[in-house]
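Chain by chain, the residues run as shown.
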Amino acid sequence: MMMYRLTNDKTADELIAGYFTQELNTDELSVLRNWINASTENKAFFEKQQEIWFSAIGASDSMRFDKEKAYQRFLTRTVIASEQSAGKKKNRFILTFQRAAAAAAILIAFAGTGYWIGTGRIKSMIADNVIVEAPLGSRTKMYLPDGTLVWLNAGSRISYAQNFGVEDRTIELEGEGYFEVTKNKRIPFFVKTDDMTVRVLGTKFNFRNYNDEVEARVTLLEGNVRVNCKSENNIEAFLNPNEQIILDKQKSTAKVFHTNATNASEWTKGLIFFDEERLADIVRELERSYNVKINILDDSLLTYRFYGNFTRTEQTIEEVLDVLASTDKLSYEMKGKEISLRLK
């Protein structure tokens, strides 16, 4: 591939490096986007560098947000990949990287007891928004460009703008996410869903708002947050640690409760924790966590509430259902990945 310049001072290689490290301005990002879309060869080259980048930053499961280490691994692996391209002109991906910049999102998707780098879960990487998803049956851990830690529960997704952290820190959430927000008094951090918006400066909280659930809730572990509910009364609340706000999306009512906030984030450790939750919501959680289909055959079961604490990697869906059935409130039948619940 030719090492020609796309701007007055940067080659394609240098623009790609700037993209991975979130260094590009709006004009440079537009130039790179047009170059990638100009030919299949350009697109394939970019995708190859993307694979190398994520392979480098994910080389260690325990590696924290360290852009310098990630960058050096990227350079090393790019050189190796270039040298192994038999029959092709060797073209080492030598990049200029003069100043520290916010690193691209680091993503690790967990499934079972192992992990894998979820490059396939990042959609439209060169479009206006970055979209990250956690597939059914897994969780996704990532760091945003500002260093904020995010966990996404199964069946969840977030999206944010390419210039995230420059003048704006806004996240769109569908599903459930746990956030440890890097403090920045100049740029507040927003998490928005269809029903609620959370505003913070730097804190730890859990936000759950699946579209198919009646309730949405925000639980605060550390710091302070402001929550705005998009209801008829435009409800607003300020939470302190160990407080939780629950919005009834059908009734447009919200209440603040004292709670053990750590329970709300137990799912990030692979635990499934039910704290007097409706069976209808428990069923949806089990469907997402175990990638199964559960049918409730008796409507009277919909309002039943249960307590429970399970470890997904250690307990099967059958074992979880056995515990629920031991309450003598329901029975179940399982055929493959389809489960039926009946009133006992």
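Residues numbered from 1 in each chain as written. Predicted model: local features only at pLDDT ≥ 70, side-chain atom pairs only at ≥ 80, totals over all residues. Heavy atoms only, no water.

Draft legend 1. Quick look at the packing of helix α5 (residues 279–290) against helix α6 (residues 317–325). Where α5 meets α6, the axes come as close as 11 Å, and the angle between the chain directions of the two elements is 165°. In terms of orientation, α5 and α6 fall into the roughly antiparallel class. Here the hand of the crossing between α5 and α6 comes out right-handed. Contacts between α5 and α6 involve Ile-282, Leu-286 and Tyr-290 on the former and, on the latter, Ile-317, Val-320 and Leu-324. Among the residues making up the contact of α5 with α6, the classes are represented as six nonpolar, no polar and no charged. (Axes fitted to C-alpha atoms, helices over the stretch in contact; angles between N-to-C directions. Helix = DSSP H or I, 4+ residues; strand = E, 2+ residues; numbered from the N terminus. Parallel < 35°, antiparallel > 145°, perpendicular 65-115°, else oblique. Left-handed = near helix turned anticlockwise from the far one by under 90°. Contact = heavy atoms within 4.5 Å. Nonpolar A, V, L, I, M, F, W, Y, C, P; charged D, E, K, R; others polar.)

Draft legend 2. Region of interest: unusual backbone geometry. Although it is not a glycine, Asn-242 sits at a positive phi angle of roughly 65°. By the element assignment, Asn-242 lies in the loop between β14 (236–239) and β15 (243–248). At Ser-252, a position not held by glycine, the phi torsion is positive, near 55°.

Draft legend 3. Seen up close, the sheet that holds strand β20 (residues 330–335). Taken in spatial order, the three strands line up as β18-β21-β20 in an open sheet, and their pairing is mixed. Edge positions in the sheet fall to β18 (293–296) and β20, since each of these pairs with one other strand and no more. Between one strand axis and the next, the sheet turns through 20° on average, direction left out of account. Bridge analysis of β20 against strand β21 (residues 338–343) gives six bridges, and the strand direction is antiparallel. Among the inter-strand pairings, Glu-333 is bridged to a residue of β21, identified as Ser-340. Helix-sheet contacts for α6 involve β20 and β21, and the interaxial angle to β20 is about 160°. (Pairing = 2+ DSSP bridges.)

Draft legend 4. Highlighting the pattern of salt bridges. One pass over the full model with this rule turns up 19 salt bridges. Of the charged contacts, one joins Arg-226 and Glu-236 as a salt bridge, the two residues approaching to 3.9 Å between their closest N and O atoms. Of this pair, Arg-226 sits in strand β13 (residues 225–229) while Glu-236 sits in strand β14, and the two are 10 residues apart along the sequence. Taking relative accessible area as the criterion, Arg-226 reaches 27% and is therefore assigned partly exposed. In this structure, Lys-335 engages Glu-333 in a salt bridge whose closest nitrogen and oxygen atoms are separated by 3.7 Å. We classify Glu-333 as partly exposed; its relative accessible area is 36%. (Salt bridge = Lys/Arg side-chain N within 4 Å of Asp/Glu carboxyl O. Buried < 20%, exposed > 50% of the residue type's maximum accessible area, 1.4 Å probe, protein only.)

Draft legend 5. Representation of α5. With 12 residues, α5 extends 16 Å from end C-alpha to end C-alpha; this agrees with the ideal 16 Å at 1.5 Å per step. Counting buried residues along α5, 11 of its 12 residues qualify, which places the element largely inside the surrounding structure. Taken as a whole, α5 has its buried residues at Leu-279, Ala-280, Asp-281, Ile-282, Val-283, Glu-285, Leu-286, Glu-287, Arg-288, Ser-289 and Tyr-290. (Expected span 1.5 Å × (residues − 1).)

So yeah, pure geometry; function would need other evidence.
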